[in-house]
Amino acid sequence: KTSGGSAKESKHAGKRDDWWNDAVQGENKPNSEFPFEADDADHAETPTEAYRDVAAVLGRLAECLGRTRATLRIYDPYYCQGGVVKRLQQHGFKRVYNRCEDFYAMADAGRVPEYDVLLTNPPYSEDHFERIVKYCVGSGRPWMLLVPNFIYTKDFYKEHVLGSEAQRACMYLVPKKRY
């Protein structure tokens, strides 16, 4: 996964919807080529099993939003090697955005793509967990974070999620076995 740094311009950035025509497969890049600082320890692709476990929930969300699996717009703001696109396509989700971009710079500039749901396995280093929780709660849109269960014990989680409107809509999925 990735962290913040200086942003490079993306042809798909901004409040556009036309880039959702097809899933966007990320490019494989060595860490030295990312447009942001990246901790090597954060670059591990999310296991296929995790996407299998959330596919039913994403499918139901699509129905609730009047969409299908093929038309649900999924945004994963943290780029690793782009495998999320392929893994979600295997479950029928065709409109997945995961690009080698600086998420924090995009968010600060108000240039994140339009999406129906944010789904990500954030980087574990630095303050990424706190930053993504704050962003998700503030977005007012559905979100799914693939994170270890200790996150709900953190002060930032208690501050931003517990006791807020976000808590009323929270659901926790726990895999039968650790990934």
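For the structure, see preceding data.
Below is a short write-up of the structure. (Residues numbered from 1 in each chain as written. Predicted model: local features only at pLDDT ≥ 70, side-chain atom pairs only at ≥ 80, totals over all residues. Heavy atoms only, no water.)

### As for the overall build of the protein chain
Stage number 1. Assigned secondary structure in the protein chain consists of six helices and four strands.
Stage number 2. Going from the N terminus to the C terminus, the protein chain shows its helices and strands as α-β-α-β-α-β-α-β-α-α.
Stage number 3. Looking at the protein chain as a whole, 45% of its 179 residues are labelled buried.
Stage number 4. Looking at the protein chain as shown, the accessible area adds up to about 9500 Å², and 48% of this sits on carbon and sulfur atoms. (Helix = DSSP H or I, 4+ residues; strand = E, 2+ residues; numbered from the N terminus. Buried < 20%, exposed > 50% of the residue type's maximum accessible area, 1.4 Å probe, protein only. Areas by Shrake-Rupley, 256 points an atom, 1.4 Å probe, with all protein chains shown as cover.)

### A closer look at the pairing of strand β3 (residues 117-120)
Stage number 1. Where burial is concerned, the two faces of β3 agree: the one with V117 and L119 and the one with L118 and T120 are both buried.
Stage number 2. Relative to strand β4 (residues 143-145), β3 runs parallel, the two sharing three bridges. Considered in β4, the bridge of L119 is made with M144.
Stage number 3. Once the chain exits β3 it traverses helix α4 (residues 128-139) before rejoining the sheet at β4, and the crossover so formed is right-handed. (Pairing = 2+ DSSP bridges. Right-handed = clockwise from strand over helix to strand, strands pointing away.)

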